[in-house]
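Residue-level structural notes
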Amino acid sequence: MTSWRIVRLFAGLFILASLALGVPGSPVYLSTWWLAFTAFVGANLLQSALTCWCPLEIILRKLGVPAGC
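Below: a short report on this structure. (Residues numbered from 1 in each chain as written. Predicted model: local features only at pLDDT ≥ 70, side-chain atom pairs only at ≥ 80, totals over all residues. Heavy atoms only, no water.)

What follows deals with the packing of aromatic side chains. Counted by the stated rule, this structure contains four aromatic pairs. Here W34 and F37 contribute two aromatic rings whose centre-to-centre distance is 6.4 Å and whose plane-to-plane angle is 85°, an arrangement assigned as edge-to-face. Placement of both W34 and F37 in helix 2 (residues 34-51) is noted, with a separation of three residues, approximately one turn of the helix. Aromatic pair F37 and F40: ring centres 6.3 Å apart, planes at 25°, arrangement stacked. With a gap of three residues between them, F37 and F40 both fall in helix 2, about one helical turn apart. (Phe/Tyr/Trp six-rings, centres within 6.5 Å; stacked < 30°, edge-to-face > 60°. Helix = DSSP H or I, 4+ residues; strand = E, 2+ residues; numbered from the N terminus.)

Here it is in structure tokens:
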């Protein structure tokens, strides 16, 4: 698996988990403050698309994960 796929996998998992924890109708609801984490992940994806710089991808490359296409 390449680094760009892992980054998108992590982003998707974090968004779904924070929505599950932040939406009042969810069975695992804790607080609506979890929606701020959803916004943070979305903002990070946006800046990554505009600047081609992602901290997680840098960490993954240093760990030896091959780069994306």
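Moving on, we come to the nonpolar core. By size, the foremost hydrophobic cluster in this structure holds five residues: I6, V7, C54, L60 and V65. When sequence neighbours within four positions are dropped, the list of residues in contact with C54 reads V7 and S48. (Core = buried A, V, L, I, M, F, W, Y, C linked by side-chain atoms within 4.5 Å. Buried < 20%, exposed > 50% of the residue type's maximum accessible area, 1.4 Å probe, protein only. Contact = heavy atoms within 4.5 Å.)

Take helix 2 next. Between its terminal C-alpha atoms helix 2 stretches 26 Å, which fits the 26 Å expected from 18 residues at 1.5 Å a residue. Residues of helix 2 that are buried include every one of T38, V41 and S48, and no others. With its buried residues spanning 90° around the axis, helix 2 presents them on a single face. For helix 2, exposure combined with an orientation more than 90 degrees from the buried face picks out A39, F40, L46 and L50. At its buried positions, helix 2 is contacted by helix 1 (3-22). C52, located one to two residues past helix 2, shows a positive phi value of around 60°. (Expected span 1.5 Å × (residues − 1). Arc of directions from axis to C-beta.)

Right, let's get into a nonpolar patch on the surface. Taken together, the side chains of M1, L9, F10, L13 and F14 make up a nonpolar region of the molecular surface, amounting to roughly 510 Å² of accessible area. Residue classification places L13 among the exposed residues on the basis of a relative accessible area of 51%. (Patch = residues over 30% accessible without salt bridge, like charges linked within 9 Å, V, L, I, M, F, W, Y side chains within 5 Å. Areas by Shrake-Rupley, 256 points an atom, 1.4 Å probe, with all protein chains shown as cover. Salt bridge = Lys/Arg side-chain N within 4 Å of Asp/Glu carboxyl O.)

Attention shifts here to the environment of T51. Looking at the element boundaries, T51 is found in helix 2. For T51, a relative accessible area of 48% gives the class partly exposed. Side-chain polar atoms of T51 contact the backbone oxygen of Q47, separated by 2.7 Å. (Polar contact = N/O pair within 3.5 Å; in protein donor to acceptor, adjacent residues only side chain to side chain.)

Checked against the element boundaries, S18 lands in helix 1. Assessed through its relative accessible area of 1%, S18 is described here as buried. A distance of 3.1 Å separates a polar atom in the side chain of S18 from the backbone oxygen of I15. Of the polar contacts made by the side chain of S18, one reaches the side chain of T38; its length is 2.5 Å. Not counting the four nearest positions on each side in its chain, S18 is found in contact with W34, L35, F37 and T38.

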